[in-house]
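Take a look at the letters that make up each chain.
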Amino acid sequence: MRIATWNVNSVNARLPTVLAWLEAAAPDVACLQEIKCVDEKFPREPFESLGYNVETHGQKSYNGVAILSRRPLSDIRRGLPGVDDSGHETDAGQARYIEAVVESARPVRVGCLYLPNGNPVDADKFAYKLAWFDRLHRHARDLLALEEAFSLCGDYNVIPTPTDAKNPAAWVGDALFDPRSRAAFHALRHLGLSDAGELGGQPPGTYTFWDYQAGAWRRDHGIRIDFHLLSPQAADRFRSVETHRDARDMDRPSDHVPVVVELED
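Residue indices begin from 1 for each chain and proceed along its sequence in written order. In keeping with the predicted nature of the model, local features appear solely for residues at pLDDT of at least 70, side-chain atom pairs appear and are counted solely at 80 or more, and the whole-chain, interface and lining totals rest on all residues. Where side-chain values are given, they derive from all heavy atoms of the structure, hydrogens and water being excluded.

The subject of this paragraph is the environment of Arg 245. Put simply, DSSP H or I for four residues or longer makes a helix, DSSP E for two residues or longer makes a strand, and each gets a number counted from the N terminus. Looking at the element boundaries, Arg 245 is found in the loop between β11 (238–243) and β12 (259–263). Residues Arg 245 and Phe 209, 36 residues apart in the sequence, show an inter-C-alpha distance of 9.2 Å. Setting aside residues no more than four positions away along its own chain, Arg 245 makes contact with Trp 210, Trp 217, Asp 220 and Val 257. Side-chain polar atoms of Arg 245 contact the side chain of Asp 220, separated by 3.1 Å. Any two residues having at least one pair of non-hydrogen atoms within 4.5 Å are treated as being in contact. Pairs of N or O atoms are called polar contacts if they sit within 3.5 Å, as long as, within protein, a hydrogen donor faces a hydrogen acceptor (for residues adjacent in sequence, only side-chain-to-side-chain pairs).

Further remarks concern the pattern of salt bridges. Between Lys or Arg on one side and Asp or Glu on the other, a salt bridge is scored when a side-chain nitrogen of the former is within 4 Å of a carboxyl oxygen of the latter. For the coordinates displayed, the defined rule picks out 17 salt bridges. Between Lys 36 and Glu 34 there is a salt bridge; the shortest N-O distance is 3.8 Å. According to the relative accessible area criterion, Lys 36 is partly exposed, its value standing at 27%. Overall, Glu 34 belongs to the buried group, its relative accessible area being 13%. With a shortest N-O distance of 2.9 Å, Arg 180 and Asp 178 are connected by a salt bridge. Each residue is assigned to one of three classes by its accessible area relative to the maximum for its type, calculated with a 1.4 Å probe on protein chains only: buried under 20%, partly exposed between the two thresholds, exposed over 50%. In this structure Arg 180 comes out as partly exposed when scored by relative accessible area, which is 45%.

Set out below in structure tokens:
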């Protein structure tokens, strides 16, 4: 089973590019982030014509996540469960998480997430990022207790280590590279989740994001912020991982590229 994660940076603005990549790469499942549209405006028919079942959790103009699957989907969840440590809901109307079980002889649960950016670090946006991370941590712990194969995949908006950036110094003071963001990411992994990129032996410099500004793509000033974090049961079925760097050179590209894992089915 091939599962892709891709921040498409507006599904309607980049629909021909997204469809072209799906036709060429043909993943069984595609988890999309930043679809930037409400559910009613999601272009379901072109994806359904490629054989995908479509589940969305959308929001006008911002955020939004979707799961496309050639296999039936069940146990759909929209939004992270729970509240923050103060007892308050922290979704704040932001559509950032969708989860489903991909049905097959050996089912896989996928959680598609778009973690908050958090900038600037001296404002409420960063506190929101850390609170969202806390809820994700608790949910991952609950999922692990089910002893299922699952991937928590998406745009984590975290540069976990200096080797995940071409120029780490350029990111000092940014929420993506803040020590608290990195600590939250590592705490999540230390629950027992495996980074598919590490499992597949991807070398340093395997980036997933290049800014549109300052010639970042031309100069290869990239960062790795898109991940598949696999449960032990999924890691046992891991076969390969591919980062589709060539998608950044497509017509009207996203600033992210797809990351595809293959699990034994």
